[in-house]
Each structure stands twice: as C-alpha cells, then as structure tokens.
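Letter by letter, the chains look like this.
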There are 4 protein chains.
Amino acid sequence: MSEARGPDPTRRSERSRTAILSAAIELVTESGYAKTSIEAIAARAGVGKQTIYRWWPSKAAVVFDAVLDLTKGQQGFSVLETGDLKEDLKQVLRATAEELTNPRMDVSFRALALEIQYDANLASHWREKMLGPALDATKDRLRSAQHSGEIDADLDLDVAVELLYGPLYHRWLLQTAPVSVEHADAVVDLAMRAMSR
Amino acid sequence: MSEARGPDPTRRSERSRTAILSAAIELVTESGYAKTSIEAIAARAGVGKQTIYRWWPSKAAVVFDAVLDLTKGQQGFSVLETGDLKEDLKQVLRATAEELTNPRMDVSFRALALEIQYDANLASHWREKMLGPALDATKDRLRSAQHSGEIDADLDLDVAVELLYGPLYHRWLLQTAPVSVEHADAVVDLAMRAMSR
Amino acid sequence: MSEARGPDPTRRSERSRTAILSAAIELVTESGYAKTSIEAIAARAGVGKQTIYRWWPSKAAVVFDAVLDLTKGQQGFSVLETGDLKEDLKQVLRATAEELTNPRMDVSFRALALEIQYDANLASHWREKMLGPALDATKDRLRSAQHSGEIDADLDLDVAVELLYGPLYHRWLLQTAPVSVEHADAVVDLAMRAMSR
Amino acid sequence: MSEARGPDPTRRSERSRTAILSAAIELVTESGYAKTSIEAIAARAGVGKQTIYRWWPSKAAVVFDAVLDLTKGQQGFSVLETGDLKEDLKQVLRATAEELTNPRMDVSFRALALEIQYDANLASHWREKMLGPALDATKDRLRSAQHSGEIDADLDLDVAVELLYGPLYHRWLLQTAPVSVEHADAVVDLAMRAMSR
DNA sequence: CTGTAACCGAGACGGTACGTCCGGTCTTCGG
DNA sequence: CCGAAGACCGGACGTACCGTCTCGGTTACAG
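Model, not experiment: these values are computed from the prediction. (Residues numbered from 1 in each chain as written. Chains lettered and ligands numbered in written order. Predicted model: local features only at pLDDT ≥ 70, side-chain atom pairs only at ≥ 80, totals over all residues. Heavy atoms only, no water.)

Student: Run through the protein's contact with DNA strand F, naming residues and quoting values.
Tutor: Residues in close proximity to DNA strand F total 40 residues, the closest being Tyr53(A), Ser13(B), Thr51(C), Lys49(D) and Gln50(D). When atoms of DNA strand F within 4 Å of the protein are split into backbone and base, the sugar-phosphate part holds 61%. Arg11(A) is positioned with one of its side-chain polar atoms (N or O) 2.9 Å from a base oxygen of DNA strand F. Contacts to DNA strand F include Glu39(D), whose backbone N or O atom sits 3.0 Å from a phosphate oxygen. (Near = heavy atom within 4 Å. Polar contact = N/O pair within 3.5 Å; in protein donor to acceptor, adjacent residues only side chain to side chain.)

Set out below in structure tokens:
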C-alpha cells in the first residue's frame, strides 16, 4: 500500500511514517473513520499534509497500513495441527472472533472492510494481507485433514472455509448478533458435521 | 426512516419525495455511494436541499428509503414449503444470490450494508426491513423441518441460518469470490449435511 | 468590481460585505498587502471563504472595493475655481499629497496602484474610479484657464496634468523622496511657469 | 544584492549563477512575476533550490540581479552635453521611454518597481543601481546648464528632474496612456518652458 | 595523493494558503 | 406553511510553494 513511483523511498522519514500511522489509529479509534480527516492526522502527527499525500493515495490506504502495523505479529500465520481437527479449528476461529471484538481493531478494521467497496486496489491488498493468511491457513489445515481421512476428500474447501468464517463475518458486519468465542465454537461444531465422513 | 417530528407529513409533496428517491438511486448507481452528495441529489431531483433535510436525517436514510422502494415487492416474504427442504432452501438462497448480483441493487445495497456501521438507528431499520424478512422466513422453514423430522431437533437455528447466508455475504461484502447461484447451491448442499440427522 | 454573473445580488448579505471590506482594510494596514491572505480576511470577518470567492474574483478586487468604500466621500470630485489658478492647483495637489501620506490609505492604495500591473480588468476600474476623477477635474480646471487666457491655449492638457501629478506619484511609488504639501506647492510653482503665457 | 555572510563566494559556480538568472528572466517574461516561483526557477535552471537560497534572500533579489545583468551596458551612464540642453534631455528621456517599452525589460522591471514596496533593502539597491544613474546624470546635466545660464539658477533641480521623469513613470506605472518617444519629447518641450529664464 | 570541507543537484520535510466542494442552517419568495 | 432556490458559515479536500534540512556526488585546496 505504501509504494509510489515518484518519491524516493530511501529518503523517507521513518519518524514521520510512524507518527502518521499512530495518529491515524488513534483518531479512528477516538472519533470513527468517517470523522477522521487527513488534515487531522497530519496535525496530530506533527507532519505536513503533503507528507501523507506523498506516500499514500488516500485515507483508507493510511489506515490500512496502520492496521497492518498493528497486526504485524500474525505474519507467519498458520493453524495448529494437533491431530484434533475440531479443536484446531476452534482455536483459529476463536482467535478471529477475538480480533473482531478487540476494540483496538474493531473500528479501523470494519471501516476498511467498508472502504474496499470503493477502491479495487485497496481491496486486493486487503484480501491478500488481512483476510488471506487466515483463510489460506485454514484451508491448508482442512486439506491436511482430507489426507488423513478425517474429512470428506470430495469437499470443496473454498466453500468449507466460508462455512466457518461466513457466520462470524455475517454477525460482525451485518450486526445481527454479537460475535463471541462461544459462537465460534458453535459454528465449528456445526460445520464439522457437514465436513465429516 | 422517513418521519421527523417537525414538519406536517400530510402536506408533503409526493412529487418531490419520488424525485428525490429516484435521483438518489440513479446517482448512487452511476457514481457510487461515497461520491454522491446530497447537493447533487437535490439538484438532480430539482428540489431544494432543505426539502431533503426536512424529511431525512442523512444521505444514508435517503438511499435506504430509495432501496426500500425498489424492493417493495418482496413485502410478504416467505420460503416455499414444497416438502423438499433442500430444494426450498436452494430456491431462497438462489433468490438472494440473484439480488446481490443485480446491478440495480448491488451498489446501493452494499453501501447501506456497510453504512450501518456508523448509524445505529439506520442499522436497526436495516435489519428489520431488509435483512430480517429473509432470515426469519428461512428460520421458519427450518423450524418446520425440525417438526417434520427432516433435520435435527437440537439444532441452533440462528447458527444454521448463518451457515446458509454467511458464505454468500462473505463473498459479497469481502469480495473474496463472485456470488452466483451455483455457489448458493453448493452452500445449501454442504449445510444440509450439517443439519440432517 | 463587485458584480458576477452567477449569484443573485439581491440576496447578498450586507453584513458580510461590510465585515469583509473592513477586515481587508484592517489586515492590509496591519500586515501589508502581500501578507494578507483571503483566508485571514474571511476569518477576521467571521465569514466563509466561499462568501468572498462568490462576490470577488481576487484579493485585489476585495481591497479595491474596500479602498473605494473609504474614499466614497470624494464622489463628486472637482477642483475649486476661485479665479486664482495657481492657488486652485495647489489646493488639489496638496489634497492628493495628503491622501498619499494618510497612513490609513497609503498601504492599500499603493498595493492597488501596483497590483493593476497584473490585472487588466482591475486596472481599468482603477483608472476610472480612483485616478480618473482627480485627473479629469484637474484637466477641466486647466481647460477653463485656457478659455480665460490664464494659460497657453495650445497647451497639451494631458501632458500638463502629468507635469503636475507625475512628480508626486514618482516620489510616492518609486520612493525617491517623501511626498509632502511643500513638495506639492513646489511642483505647482514650477509647472505653472511651463503653462503660463 | 548578491553577497551573504555564510558561503564562500570564491567557490561559487558561475554556471549555476548564470543559469538561474536566465531562467528567472525567461519565466518572468513568459508567465509574469507573480506566477514565477523559486521552485520553477530552480527546475528550469537545473539547480537545487538551496543554491538559490544560498546566494539570494528572495525571488525579488534574483530578478533584480537578472535585470541588472541585462542592463549592465548602461554602467557609466551619463547625459550628452552637446550644448543644446533640450536636445540632450530629449535624447535621455527617449532612451528611458524605450527602455520602459522594451518587452524584454518591461515585465521584470515593472515587477521590481512593485516589489520595492515590501522590501526596504531591495528598495535602496533599486534606487541606487536602477533609477539613480539616470536621475543623477540628468541632474548633473541640469546643473551644468545652470552654470552656463541656460536655465534659472534658482531652480530646485530635484523637482526639475521629477518634472521630466514623473510624467513618463506616471504613464508607465499607472497605465494612463502609452509611453512613447513622442510623449518624451512633448514632456521635454513643456518642462523646458518651466526651467528656462 | 589524499583527506576533508565546501558547493552542488535533488528532493523530503513541516508548514501556510490556495481555490473548490459540500455539509447543514437560514432566508426569501411564490403558490 | 410547503417547496424551490440558493446564500451563508464552516471544515476538509488535494495542490502548489515556501524556506529549511539532509542526502550522496563532485570539486578544490591543505596536509
């Protein structure tokens, strides 16, 4: 999300980059994404507006990078493989549920999920960096379960993964009910019945 | 979404109301929700801005009413009960998939689905008028299948419904893959395995 | 300078117009023309920037109207005709000298006199409303002196007028020496020698 | 105008100096003084901005030096002394008129005349280097005419000089009429009548 | 012949102001 | 009193430049 053709990245001020990202997260958390202006981010970060426009094409891109910074730990994301598929899935779904309810992430994350509707470039970054890792790791775990015979070898894994994550995001985005670890467990219990045999 | 305390609704101009709603849908479809301004809606509708502000609290509310007008036909929404649960579910999920891919609805509907993040009042109207009918009807159909023994009587129907709709909305909102009737069928096939017995 | 095609002048806020003009004069006097920004004028006047841009095309046009307002008294400008040409000319040249040294006018007036270099439209207004009246009145007085035989009938009055005002403006604009009533008198005394007989 | 305390003038790049001055004149002539930015001058000259700021305190100072370079020929300025005062004066006033109408000089020269309002330091350089030589030389010529009895010995020469140059600059700066050699002649003819006897 | 200290091109930086767009309020006039 | 029209105050947009600072690189003199 950060690279542009014009400016020279080697001369970029790390100080400013960090200040901007922190200010962005803070303001979005305090006042909401819509009410956060680039002007305010610049002011809070003690930075000229041009320094933001030089490195990011939009407010969404800034917030995206800010969220990415927050979640940097999950880089080498993978699902446990304890031999007990159901438990492994519960573990990862619970982690997702917790992330979705973490107030630090919630507002920004949700705003980005919205913003990708308007920005195809952002959307692909989002799928690749934010959504993809968890989805892919889960798919890998299911594939391994197919090899071990725990679940049906004919299963369409894309749909299977959606059966697991779909209910969580449904609640989260459409606000039909609160997301929780209990709900995550219930989803895994039910989805396992579809996948087994 | 329409009523406010001040003005007298009996003296309201139906002509203006219709023009505003049409203009809103047109502009959102043409240019996207974010780029549609109230000012532009008023201009397109040949209406003063105050006439919009008098009757709706926000752009979201206008678009909400506009979309509601479009979908007025589906008022008495219910799921067929042919005796074949799987076919009945496929029928309703396919209908949902088609609605989500209908270009007339897509942009506005998606924008609203996400705008509710910022407006609690709108959110409840949305759940009640747009999402609720289909979800409730589906739940009713499942309850009837429980009575007839087609599916497990212990099933948590809320989660079951999410298992059906979650994957569709997951694709649609997070843009992980295209929504289609084939996908809807695949979801039903898989979810049925979780619900049966 | 004030009229534009778009907006409706009958609905214009007199309150805002006055506040803008006052703020403009104040700021130019305090900080100089170049350091006065439209943004600052709007802020001082308690007015949106758009309200300035709606009615004036440039900072120069605002200041022009502001100065015009200040000098509105001189509307029906004319030169005394006491019968003593030299005294009449001294009277008007002294008045000009005083105006050029009046600190209230000096900064704004000087800035405008020079800003017309960049704005042909402003330049013609300037000549017509600010410079013209005094120059024309002086020319009229000289013409009457020609009829009475006080001065040479063959005299080119345009050059004669320049002989009177040129030295004053030369000092004032090029800052070669201070403008004063004594200087004005000296100029008249000398110029009279060129015009007589 | 050029020297500053910090940098070492002996190591200055003549190449850069020349490129900057040329670029400045070009840009001012093409687009006008106000629309010419230091950034643009640096870019056109193929020079870093700092190289300009190192050697000149302001855009005005750059343009001043650029104009000075153009007029370097007139260094040892003096007025002919043919014995015929009127002709000598016509010769020098015509030269001034031609300079003021030379399109190469006009824009930059006029801009400087404006800029001295805001920069006292520039103003004194301007008077000394640009205006002074012609004015002083003219005054010298008049003084010699006083000695030879051609003109009144009591004449205030400062005012006399203003009587000659004032009308030209009046036309040029206030744009009341075009400057021309004919006009210069007419001014001399008239002013001579004031000075003689 | 080699530091090392300056100027140099380049351009990122914190800022200010630009001129525009739009939000939401207020005012005027006609029906 | 509703509705159209649109002026108003205000806030943010994205851009252009300001004047300062920092980065290699390239002379040019001192050791």
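Following the structure, the description resumes.
Student: Give a detailed account of the interface of chain B and chain A, specifying residues and quantitative values.
Tutor: When the parts of a complex come together, some accessible area is lost, and that lost area is often used as the size of the interface. Contacts between chain B and chain A engage 39 residues on the former and 39 residues on the latter. Taking both sides of the interface into account, the surface hidden between chain B and chain A amounts to around 3500 Å²; carbon and sulfur atoms contribute 65%. For the interface between chain B and chain A, the tally reads four salt bridges. Glu162(B) is the salt-bridge partner of Arg171(A), the closest N and O atoms lying 2.5 Å from each other. Where chain B packs against chain A, one counts 19 residue pairs in polar contact (both at pLDDT 80 or more). Going through the elements one at a time, helix H6 (103–115), helix H7 (120–147), helix H8 (157–174) and helix H9 (181–195) of chain B are the ones with two or more residues in the side of chain B that touches chain A. At 12 residues, the largest contribution of residues to the side of chain B that touches chain A is made by H8(B). (Contact = heavy atoms within 4.5 Å. Buried area = accessible area lost by both parts, 1.4 Å probe. Salt bridge = Lys/Arg side-chain N within 4 Å of Asp/Glu carboxyl O. Helix = DSSP H or I, 4+ residues; strand = E, 2+ residues; numbered from the N terminus.)

Student: Give me the relation of the copies chain D and chain C: which residues, what numbers.
Tutor: The two copies are related by a screw motion: chain D maps onto chain C through a turn of 179° and a shift of 0.1 Å along the axis, at an RMSD of 0.2 Å. Both copies of the chain, as the preceding transformation shows, are related through a two-fold rotation axis. By residue overlap, the copies meet face to face through one surface: 97% of the interface positions of chain D are interface positions in chain C. (Least-squares fit on C-alpha atoms with pLDDT ≥ 70 in both.)

Student: An account of helix H9 (residues 181–195) of chain D is requested, with residue identities and associated values reported.
Tutor: Taking 1.5 Å per residue as the helical rise, H9(D) with its 15 residues ought to reach 21 Å, and the 21 Å between its terminal C-alpha atoms agrees with that figure. Listed in full, the buried residues belonging to H9(D) are His183(D), Ala184(D), Asp185(D), Val187(D), Val188(D), Leu190(D), Ala191(D), Met192(D), Ala194(D) and Met195(D). Buried-residue contacts for H9(D) involve helix H8 (157–174) and helix H9 (181–195) of chain C together with helix H5 (85–101), helix H7 (120–147) and helix H8 (157–174) of chain D. (Expected span 1.5 Å × (residues − 1). Buried < 20%, exposed > 50% of the residue type's maximum accessible area, 1.4 Å probe, protein only.)

Student: Before we move on, can you summarise the environment of Ala66(C) with the specific residues and values?
Tutor: Residue placement: Ala66(C) occurs in helix H4 (residues 59–70). Taking the relative accessible area as the measure of exposure, Ala66(C) reaches 3% and is therefore buried.

Student: Now, about the interface of chain D and chain C: what can you tell me, with residues and values included?
Tutor: Listed as interface residues are 39 residues of chain D and, on the opposing side, 39 residues of chain C. Across the chain D to chain C interface the summed buried area is about 3400 Å²; carbon plus sulfur atoms make up 65%. Here chain D is connected to chain C by four salt bridges. Our count for the contact surface shared by chain D and chain C stands at 18 residue pairs in polar contact (both at pLDDT 80 or more).

Student: Account for the arrangement of the chains, naming residues and giving values.
Tutor: Taking C-alpha atoms only, the smallest gap left between chain B and chain C, which are not in contact, amounts to 16 Å. If you take every C-alpha in chain A and every C-alpha in chain D, the smallest gap between them is 16 Å, and the two do not touch.

Student: Please provide a residue-by-residue account of the side chain of Thr51(D), values included.
Tutor: Residue and element names in this part refer to chain D. Among the secondary structure elements, Thr51 is positioned in helix H3 (residues 49–55). Among the residues examined, Thr51 registers a relative accessible area of 18% and is labelled buried. Leaving out residues up to four positions away in the same chain, Thr51 has contacts with Ser16, Ile20 and Trp56.

Student: Got a sec to walk through the relation of the copies chain B and chain A? Specific residues and values, please.
Tutor: Aligned on chain A, chain B shows an RMSD of 0.2 Å; the corresponding rotation is 180° and the shift along the axis is 0.1 Å. Most of the interface of chain B is mirrored in chain A: 97% of its interface residues are interface residues there too.

Student: An account of the packing of helix H1 (residues 14–31) of chain D against helix H6 (residues 103–115) of chain D is needed here, citing residue identities and associated values.
Tutor: Residues and elements named next belong to chain D. It is the contact of H1 with H6, at a shortest axis distance of 9 Å, that shows an interaxial angle of 90°. By the angle between their directions, the pair H1 and H6 is classed as roughly perpendicular. Of the residues in H6, those in contact with Ile25, Val28 and Thr29 of H1 are Arg104, Val107 and Ser108. Partitioning the contact of H1 with H6 into residue classes produces three nonpolar, two polar and one charged. (Axes fitted to C-alpha atoms, helices over the stretch in contact; angles between N-to-C directions. Parallel < 35°, antiparallel > 145°, perpendicular 65-115°, else oblique. Nonpolar A, V, L, I, M, F, W, Y, C, P; charged D, E, K, R; others polar.)

Student: Kindly report on the nonpolar core, identifying the contributing residues and their values.
Tutor: Formed by 138 residues in total, the largest nonpolar core has its most connected members in Trp126(C), Leu142(C), Trp126(D) and Leu142(D). Those residues in contact with Leu142(D) that sit more than four places away from it in its chain are Leu85(D), Leu89(D), Ile151(D), Leu157(D), Ala160(D), Val161(D), Leu164(D) and Met195(D). Listed in part, the 136 residues of the second largest apolar core include Ile20(A), Trp55(A), Ile25(B) and Val179(B). (Core = buried A, V, L, I, M, F, W, Y, C linked by side-chain atoms within 4.5 Å.)

Student: Quick one: what's the story with the protein's contact with DNA strand E, residue by residue and with numbers?
Tutor: In the vicinity of DNA strand E there are 40 residues, among which Trp55(A), Lys49(B), Gln50(B), Tyr53(C) and Thr51(D) approach most closely. The share of sugar and phosphate among atoms of DNA strand E within 4 Å of the protein is 58%. In this structure, a phosphate oxygen belonging to DNA strand E sits 3.2 Å away from a main-chain N or O atom of Asp8(D). At the level of secondary structure, the elements contributing two or more residues to the surface near DNA strand E comprise helix H3 (49–55) of chain A, helix H2 (38–45) and helix H3 (49–55) of chain B, helix H2 (38–45) and helix H3 (49–55) of chain C together with H3 of chain D. Top element by residues in the surface near DNA strand E is H3(A). It accounts for five residues. Residues that form the surface near DNA strand E fall into these classes: 10 nonpolar, 15 polar and 15 charged.

Student: Describe helix H7 (residues 120–147) of chain A, with residues and values.
Tutor: All names here are of chain A. At Gly132, H7 shows its largest bend, some 65°, and a proline, Pro133, comes one to four positions later. Two to three positions downstream of the cap, the backbone nitrogen of Asn121 sits 3.1 Å from a side-chain oxygen, assigning the N-cap of H7 to Asp119. Downstream of H7 by a residue or two, Gly149 has a phi angle that is positive, lying close to 80°. (Bend = angle between axes of the 7 residues up to and from the residue.)

Student: Which residues make up the environment of Val47(A), and what are the values?
Tutor: Residues and elements named next belong to chain A. Mapped onto the secondary structure, Val47 falls in the loop between helix H2 (38–45) and H3. You can call Val47 buried: its relative accessible area is 16%. Residues Val47 and Ala153 lie 106 residues apart in sequence; the distance between their C-alpha atoms is 55 Å. In this structure, Val47 is in contact with Ser16, Ile20, Ala42 and Ile52, ignoring residues within four places of it in sequence.

Student: Describe a negative patch on the surface, and please don't skip the residues or the numbers.
Tutor: On the surface, a cluster of negative charge is made up of Glu81(D), Asp84(D), Glu87(D) and Glu150(D). Position of Glu81(D) among the secondary structure elements: in the loop between helix H4 (59–70) and H5. (Patch = residues over 30% accessible without salt bridge, like charges linked within 9 Å, V, L, I, M, F, W, Y side chains within 5 Å. Areas by Shrake-Rupley, 256 points an atom, 1.4 Å probe, with all protein chains shown as cover. Lys, Arg positive; Asp, Glu negative; His and termini not counted. Charge placed at Lys NZ, Arg CZ, Asp CG, Glu CD.)

Student: Tell me about the pattern of salt bridges, residues and numbers included.
Tutor: Residue and element names in this part refer to chain B. Counted under the stated rule, the structure contains 56 salt bridges over all chains. A salt bridge links Asp88 to Arg141; the shortest N-O distance between them is 2.9 Å. Of this pair, Asp88 sits in helix H5 (residues 85–101) while Arg141 is found in helix H7, placing the two residues 53 residues apart along the sequence. When sorted by exposure, Asp88 lands in the same class as Arg141, which is buried.

Student: Can you explain the environment of Gln117(B)? Please cite residues and give values.
Tutor: Positionally, Gln117(B) belongs in the loop between H6 and H7. Once residues within four sequence positions are removed from consideration, Gln117(B) is found in contact with Arg110(A), Trp172(A), Leu173(A) and Gln175(A). At 3.4 Å, the side chain of Gln117(B) forms a polar contact with the side chain of Gln175(A).

Student: I'd like a description of the packing of aromatic side chains, backed by residues and values.
Tutor: Per the stated rule, a full pass over the model turns up 12 aromatic pairs over all chains. With centroids separated by 6.0 Å and ring planes inclined at 75°, the aromatic side chains of Tyr169(A) and Trp172(A) adopt a geometry described as edge-to-face. Residue Tyr169(A) and its partner Trp172(A) are both found in helix H8 (residues 157–174); the two are separated by three residues, about one turn of the helix. For the pair shown, Tyr169(A) and Trp172(A) are each scored as buried. Their ring planes at 50° and their centres at 5.6 Å tell us that Phe109(D) and Trp172(D) sit as a pair that is tilted. With Phe109(D) in helix H6 and Trp172(D) in helix H8, this residue pair connects regions lying 63 residues apart in the sequence. Phe109(D) gets classed as buried once you look at its relative accessible area, which sits at 4%. Ring pairing ties together the aromatic residues Phe109(A), Trp126(A), Tyr169(A) and Trp172(A), which thus form one cluster. The ring of Trp56(C) carries the charged tip of Arg12(C) above its face, separated from the ring centre by 4.7 Å. The ring of Tyr33(D) carries Lys59(D) above its face, with NZ or CZ at 4.2 Å from the centroid. (Phe/Tyr/Trp six-rings, centres within 6.5 Å; stacked < 30°, edge-to-face > 60°. Lys NZ or Arg CZ within 6 Å of the ring centre and 35° of its normal.)

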